Amino acid sequence: MTPTDLRPAAPPRTTARRALLAGSVGNFVEWYEFGVYGCFATVIAANFFTPRAGADAAGAGVGAGALVATYASFALAFFFRPVGALLFGRLGDRFGRRPTLLLVVGLMTLATTLIGFLPTQAAIGAAAPWLLTVLRVLQGLSAGGEFGGAVSLMTEYAPVGRRGLYGAWQSFTVALGLLAGAGTAAALAAALSGPALYAWGWRIPFLLALPLGLVALWLRTALAEPPVHSQTPEHGKPPRRGELARAVVLGTGRVMGWSAAGYTFLVVLPSYLQAARGATLREALLATALANLGFALTVLPAGRLSDRTGRRPVMLGGALGVVVLALPLLRLLQSPGASPAIRAAAVLVAGALVGLMAGPGPAMLAEMFPRRVRCTGLGLAYSLANAVFSGCAGLVITALVARTGDTAVPAYYAAGACGVSALALLTLRGNGHREPLR
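About the thresholds
Residues numbered from 1 in each chain as written. Predicted model: local features only at pLDDT ≥ 70, side-chain atom pairs only at ≥ 80, totals over all residues. Heavy atoms only, no water. Helix = DSSP H or I, 4+ residues; strand = E, 2+ residues; numbered from the N terminus. Buried < 20%, exposed > 50% of the residue type's maximum accessible area, 1.4 Å probe, protein only. Areas by Shrake-Rupley, 256 points an atom, 1.4 Å probe, with all protein chains shown as cover. Expected span 1.5 Å × (residues − 1). Core = buried A, V, L, I, M, F, W, Y, C linked by side-chain atoms within 4.5 Å. Contact = heavy atoms within 4.5 Å. Patch = residues over 30% accessible without salt bridge, like charges linked within 9 Å, V, L, I, M, F, W, Y side chains within 5 Å. Salt bridge = Lys/Arg side-chain N within 4 Å of Asp/Glu carboxyl O. Axes fitted to C-alpha atoms, helices over the stretch in contact; angles between N-to-C directions. Parallel < 35°, antiparallel > 145°, perpendicular 65-115°, else oblique. Left-handed = near helix turned anticlockwise from the far one by under 90°. Nonpolar A, V, L, I, M, F, W, Y, C, P; charged D, E, K, R; others polar.

### Focus: the overall build of the chain
When its secondary structure is counted, the chain shows 20 helices and zero strands. Taken over 438 residues, the chain has a buried fraction of 58%. Of the roughly 16600 Å² of accessible surface on the chain, a fraction of 70% belongs to carbon and sulfur atoms.

Here it is as structure tokens:
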């Protein structure tokens, strides 16, 4: 009898689907908040990074410096993601996926809800931006642990031949979270006057994280640890630190294009369109919602396709698509003669290209690491890519556009990162998607 004959039977499909839902819901809460923060960057800048005399009740007078400070706070949370990935990844690998996922979603929910209660700079002065930054750090720590645990859970529960599809649900709930964040922001911008939105309306989306987080905690409480039916038995010594470090660096390179293009097109777009093209907040939020819709429409099909053809061709198609099309799509958005339908098509295509990378990406990372270090390894690779290429996207793009006056900077940023990512993706083995997890 071979070792593979000793594997336990696959769990019932209902159990696997329950695990998929429990793993996905935390990602939804996390990315809902990040979507809200990105869409309300100018509002947050007015309330937390602008002196009382610097902006009126509707946010007029918010300068580039305040917006850069807002994105610096945004980036800081991302730089704490690798710390969270290492801390919670070790917990997940040593003590199990379930307790770690409960801990990280509880921390994320608490930090997000508290942002909704924070006093502004007009109320308490310089302490306001510091309190916001502390809560952003807590969000970064929890988000770093969320990805590694959730993707490990989903892919380890996945039936044979469906690992790409199960992993794609992580990215799909990212899309749903960003869409929910952008949709909530757009609805509030449409329903409230400018002064009301800037005075108190912006708090509503952050407070909504509380019931969402409680649902996530409830679903994860009944969760069992993943089986090992789809994995080969582990023998010998665990990977050496050098081997693990090389795998983390390679994984970071493979997903850096996904990170950079995703945040450029899906999160940074609203404030960029307002600053560079003079779009209204409502127009910018609508463009972001359309980009996220394009992303959501391609994520699951891309993950499923990668189960058939492999991760490499699907992810390469998305990366090279961004390299070729990023600048033309941005020019269409900037063109005063472009019709609303053309602009809508441009942002849909931009989001769809990101979805081609994001769909197979989680399963690709899970396949790079053995079970005993999977939470730590894939969480570090993903969070490092996000820290450098996502968290800094708003800060770098805003600062470079202000310094150079070149409004094509977002296209160069996304295309450059995707070009490097395409080179790293060429190292992927063609049949890795057919092999059991280690």
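### A few points about helix H4 (residues 81–95)
Helix length check: H4, at 15 residues, gives a terminal C-alpha distance of 20 Å against a target of 21 Å (1.5 Å per residue), a fit within 8%. Those residues of H4 that fall on the buried side of the exposure criterion are Arg81, Pro82, Gly84, Ala85, Phe88, Gly89, Gly92 and Asp93. Just beyond H4, the residue with positive phi is glycine 96, at close to 120°.

### Quick look at the nonpolar core
Counting 78 residues, the largest nonpolar core has Ala261, Phe265, Leu266, Phe295, Val322 and Leu365 as its most contacted members. The leading source of residues in this core is helix H12 (residues 241–266), at ten residues. With near-sequence residues (within four places) excluded, leucine 365 lies in contact with Phe147, Gly251, Val255, Leu378, Ala381 and Tyr382. Among the nonpolar cores identified, the runner-up in size contains 27 residues, and Tyr37, Ala111, Ile115 and Leu118 belong to it.

### Remarks on a nonpolar patch on the surface
A surface patch of nonpolar side chains, amounting to about 380 Å² of accessible area, comprises Leu320, Val323, Val324, Leu325 and Val349. With four residues, the top contributor of residues to the nonpolar patch is helix H15 (residues 311–334). Topologically, valine 349 is positioned in helix H16 (residues 340–358). A relative accessible area of 35% places valine 349 in the partly exposed class.

### What about helix H18 (residues 374–390)?
An α-helix turns once per 3.6 residues; consequently, residues spaced three or four apart project the same way. Between its first and last C-alpha, H18 extends 22 Å over 17 residues, near the 24 Å set by a 1.5 Å rise per residue. Taken across its 17 residues, H18 has 14 buried, putting it largely inside the fold.

### Points about the packing of helix H5 (residues 97–115) against helix H7 (residues 127–157)
Helix-helix packing: each pair is described by the crossing angle between the helix axes and the interaxial distance. Orientation of H5 relative to H7, taken along the N-to-C sense of each, is 150°, at an axis distance of 8 Å. Overall, the two elements H5 and H7 adopt an arrangement that is roughly antiparallel. In this structure, H5 crosses over H7, and the sense of that crossing is left-handed. The residue inventory of the contact of H5 with H7, partitioned by class, reads 14 nonpolar, six polar and four charged.

### Notes on the packing of H4 against H18
The contact between H4 and H18 brings their axes to 8 Å, and the two run at 170°. Classified by the angle between their axes, H4 and H18 sit roughly antiparallel to one another. Of the residues in H18, those touching H4 at Arg81, Pro82, Ala85, Leu86, Gly89, Arg90, Gly92 and Asp93 are Arg374, Cys375, Thr376, Gly379, Leu380, Tyr382, Ser383, Leu384, Asn386 and Ala387. Classifying every residue of the contact of H4 with H18 by side-chain character gives eight nonpolar, six polar and four charged.

### Examining the pattern of salt bridges
One pass over the structure, following the stated rule, counts eleven salt bridges. Measuring nitrogen to oxygen at the nearest pair gives 2.9 Å for the salt bridge that ties glutamate 33 to arginine 136. With glutamate 33 in helix H1 (residues 13–39) and arginine 136 in helix H7, this pair connects stretches of sequence that are 103 residues apart. Residue arginine 136 is classed as buried on the basis of its relative accessible area, which comes to 0%. The partner of arginine 311 in a salt bridge is aspartate 307, and the shortest N-O contact between them spans 3.0 Å. Aspartate 307 matches arginine 311 in its accessibility class, with the two residues each being buried. Salt bridges here are not isolated pairs; linked through shared partners, they connect Asp93, Arg97, Glu156, Arg371 and Arg374.

Keep in mind that these numbers describe shape and distance, not what the molecule does.
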